[in-house]
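Fold and geometry: a report
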2 protein chains.
Amino acid sequence: MQSSIQADKLVLEVLVATSDEHAGWVYLVGAGPGDPDLLTIKAQRLLGRADVVLHDSLIDPRTLALCKPGAKLVDVGKRSGKRSTKQTEINAILCAEARTGQKIIRLKGGDPMIFGRAAEEIEALAAIGITAQIVPGITTATAVAAALGTSLTKRGVARAVHFLTGHGADGGLPPQDWVALVRAGGTIAIYMGSQSLPGLATHLIEAGMDPTTPAIAMESATWAEQRTIRATIGTLPRLAAPFRSAGPCLFLIGEALRTTQAHTTISQADQGTLSPETPARA
Amino acid sequence: MQSSIQADKLVLEVLVATSDEHAGWVYLVGAGPGDPDLLTIKAQRLLGRADVVLHDSLIDPRTLALCKPGAKLVDVGKRSGKRSTKQTEINAILCAEARTGQKIIRLKGGDPMIFGRAAEEIEALAAIGITAQIVPGITTATAVAAALGTSLTKRGVARAVHFLTGHGADGGLPPQDWVALVRAGGTIAIYMGSQSLPGLATHLIEAGMDPTTPAIAMESATWAEQRTIRATIGTLPRLAAPFRSAGPCLFLIGEALRTTQAHTTISQADQGTLSPETPARA
């Protein structure tokens, strides 16, 4: 009978754990491009409630300061001197923390569902029976468009926006049908493309893109270190070279970026000069 | 000498107007997909400061309740019984309000820079010497992905995301190289596509898309009325037909949506049933 009683106790413990309000409280939260002002209200509130926050390296300290006192903050972007934590390791840390039954936030730059490798984290959690809740974030391309004052879509000019990554599984440019991409038309936004920019520009031009197509590079969008270059797809690799070893960079390419209105804080296309600038504060 | 004094006075008045903190305080603000919880902190703060808020029709009353007491709220989405206000009229209203020197917010659903016709409003303001500031918002596609728990990008499956509109200048599907779009690969998000869904699906399949490619329709994403259909691009027009006269609808199409993890609140692909659901609250 002893084993039966133990089995009953086990069932009871499982039931208690299941009904516990903390069980399975795991959120993948978008932190947006950097500026804590661009967090969602929901992200702000959840950060104040989480017991554990596993965050990317590029999160503003003011965002992390929204966490409750005593919350455990873990930078899963860098670890023990290594350059970056492997995704499989992040999945393992996330699952280990989630199993404790505490309130867990996985805080990711930008939006979790666009180049955030959220699918792998969601699947790892699902494999241990935990359904992650997702809170969307401002994705960098729209923050860059806002900072530029330039819409990504424009009637009769750009009817589509294409989001691509310049950083594939092997670290280089992922395979892409560049001719199809150029023919599809519209504005192209490239995430994590600093290292592969020369190849990227060559592919687009060889695929038929006019080399004078406007192209913009913005480094550290919405951070105090924000820098912008206005160029063309032909000149961008040369002009944006200084960005290649610095902060995160986003490229926008397309005719919609050919603005008549010059934002005074942005350097101009023909000059292609580097403009350190401080994002406007309301 | 009288005229000279008057000229000096005029110059002084212009200087005072220019240095006035209210002058040129015009923000295009993204309201996100609907849920006020998905506003940015910046949007929330600015709404509390604006004198005049010109807003789209589909803004949650709880969002408008964030405006300061006495603020003038104008629904520019509908006007004097007409179905919708023309963009040129919206531009005119926006400029007229901006000229008063008050603090103006143009509050737009989703993100202003993605299918928000922000370019036209920015240009209209620029023409009267006012530089609009832009506050990005959560764009509907990432909010839908978050609600589904399904990433728009997935290593080895979807390396790109394409945002398109189903609503062109003449109200129908805008011209598009569909073969190029399908060949470019990745996940496709269609905004404002309800009316043109049958043509859209036909174009994609004729362009070479596998008819069994997963496709999801979400109506009124993040609102209490949120409804979701999981289907394929082949079955979506039939299954999503009930959505065609109701709230705003977003379509997601692509292999990244073929999830193994079933979200319990979402109806399944094979059934394609309608699932009324209430967005989870944290």
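Only a predicted model underlies this, so the values are computations on that prediction, with no experimental measurement involved. (Residues numbered from 1 in each chain as written. Chains lettered and ligands numbered in written order. Predicted model: local features only at pLDDT ≥ 70, side-chain atom pairs only at ≥ 80, totals over all residues. Heavy atoms only, no water.)

If you tally the helices and strands in chain A, you get 9 helices and 11 strands. Here chain A holds 282 residues, and the buried ones make up 54% of them. The long-range share in chain A, meaning contacts at least 24 apart out of those at least 6 apart in sequence, stands at 69%. Surface exposure of chain A reaches about 11,900 Å², of which carbon and sulfur atoms provide 55%. (Helix = DSSP H or I, 4+ residues; strand = E, 2+ residues; numbered from the N terminus. Buried < 20%, exposed > 50% of the residue type's maximum accessible area, 1.4 Å probe, protein only. Contact = heavy atoms within 4.5 Å. Areas by Shrake-Rupley, 256 points an atom, 1.4 Å probe, with all protein chains shown as cover.)

Take the pattern of salt bridges next. Considering all chains together, one arrives at 22 salt bridges over all chains under this definition. Of the charged contacts, one joins E120 of chain B and R117 of chain B as a salt bridge, the two residues approaching to 2.9 Å between their closest N and O atoms. The exposure class of E120 of chain B is partly exposed, given its relative accessible area of 24%. Via salt bridges that share partners, D56, R106, K108 and E121 of chain A belong to a single interconnected network. (Salt bridge = Lys/Arg side-chain N within 4 Å of Asp/Glu carboxyl O.)

Turning chain B through 180° and shifting it by 0.0 Å along the axis lays it on chain A, with an RMSD of 0.0 Å. The transformation relating the two chain copies, once decomposed into turn and shift, fits a two-fold axis. When the interface residues of chain B are mapped onto chain A, 100% of them again lie at the interface, so the same face is used by both copies. (Least-squares fit on C-alpha atoms with pLDDT ≥ 70 in both.)

Counting from both sides, the interface comprises 66 residues of chain B and, opposite them, 66 residues of chain A. In total, about 5,400 Å² of surface goes out of reach between chain B and chain A, with carbon and sulfur atoms giving 59% of it. Its salt-bridge partner being E123 of chain B, residue K154 of chain A comes within 3.1 Å of it at the nearest N-O pair. Between the two partners, chain B and chain A, sit 23 residue pairs in polar contact (both at pLDDT 80 or more). Mapped onto the side of chain B that touches chain A, the elements with two or more residues apiece are α2 (41-47), α5 (118-127), β5 (133-135), α6 (140-148), β6 (160-165) and α7 (178-184) of chain B. Among the residues forming the side of chain B that touches chain A, the class breakdown is 35 nonpolar, 18 polar and 13 charged. Two strands pair when backbone bridges link them, and strand β6 (residues 160-165) of chain A and β6 of chain B are joined in this way by 5 bridges, in the antiparallel orientation. Pairing of A160 of chain A across the sheet is with L164 of chain B, part of β6 of chain B. (Buried area = accessible area lost by both parts, 1.4 Å probe. Polar contact = N/O pair within 3.5 Å; in protein donor to acceptor, adjacent residues only side chain to side chain. Nonpolar A, V, L, I, M, F, W, Y, C, P; charged D, E, K, R; others polar. Pairing = 2+ DSSP bridges.)

What follows concerns the domain arrangement of chain A. Residue and element names in this part refer to chain A. When the domains of chain A are assigned, the result is domain 1 (21-135) and domain 2 (140-274). Buried surface at the junction of domain 1 and domain 2, both sides included, amounts to about 830 Å², of which 77% is carbon and sulfur. For domain 1, the biggest contributors to the area lost against domain 2 are P33, L58 and F115; these three give 63% of the whole. For the interface between domain 1 and domain 2, the tally reads 0 salt bridges. For the side of domain 1 that touches domain 2, a count of residues per class yields 6 nonpolar, 1 polar and 2 charged. (Domains from an automatic or database assignment.)

All names here are of chain B. At their nearest, the axes of helix α4 (residues 87-99) and α5 sit 9 Å apart, and the two run at 40° to each other. When the axes of α4 and α5 are compared, the pair comes out oblique. In the packing of α4 onto α5, the handedness of the crossing is right-handed. In contact with Q87, I90, N91, L94, C95 and A98 of α4, α5 contributes E120, E121, A124 and L125. For the contact of α4 with α5, the residue count by class is 6 nonpolar, 2 polar and 2 charged. (Axes fitted to C-alpha atoms, helices over the stretch in contact; angles between N-to-C directions. Parallel < 35°, antiparallel > 145°, perpendicular 65-115°, else oblique. Left-handed = near helix turned anticlockwise from the far one by under 90°.)

This part is about the packing of aromatic side chains. Applying the stated criterion to the full structure yields 7 aromatic pairs over all chains. Relative to Y191 of chain A, the ring of F115 of chain A lies with its centre 5.3 Å away and its plane at 55°, an arrangement referred to as tilted. Of the two residues, F115 of chain A is situated in the loop between β4 (104-108) and α5 (118-127) and Y191 of chain A in strand β7 (residues 187-191); the sequence distance between them amounts to 76 residues. Residues F115 of chain A and Y191 of chain A agree in their burial class; the two are buried. Chaining the aromatic ring pairs together yields one cluster made of F115, F163 and Y191 of chain A together with F115, F163 and Y191 of chain B. (Phe/Tyr/Trp six-rings, centres within 6.5 Å; stacked < 30°, edge-to-face > 60°.)

This part covers the sheet that holds strand β4 (residues 104-108) of chain B. Residue and element names in this part refer to chain B. Across the sheet, which stays open at both edges, the 5 strands sit in the order β3-β2-β4-β1-β5 with parallel pairing between neighbours. Both outer strands of the open sheet, β3 (72-75) and β5, are each paired with one neighbouring strand and no more. The average angle at which neighbouring strand axes cross in this sheet is 20°, direction not considered. By the bridge criterion, 4 bridges tie strand β2 (residues 52-55) to β4 in an arrangement that is parallel. Note that in β4 the partner of H55 across the bridge is L107. Taken strand by strand, α4 contacts β1 (26-30), β2, β3 and β4, and its axis lies near 155° from that of β4.

Turning our attention to the side chain of R230 of chain B. Within the secondary structure, R230 of chain B is located in strand β9 (residues 227-232). Within polar-contact distance, the side chain of R230 of chain B engages the backbone oxygen of L257 of chain B at 3.5 Å.

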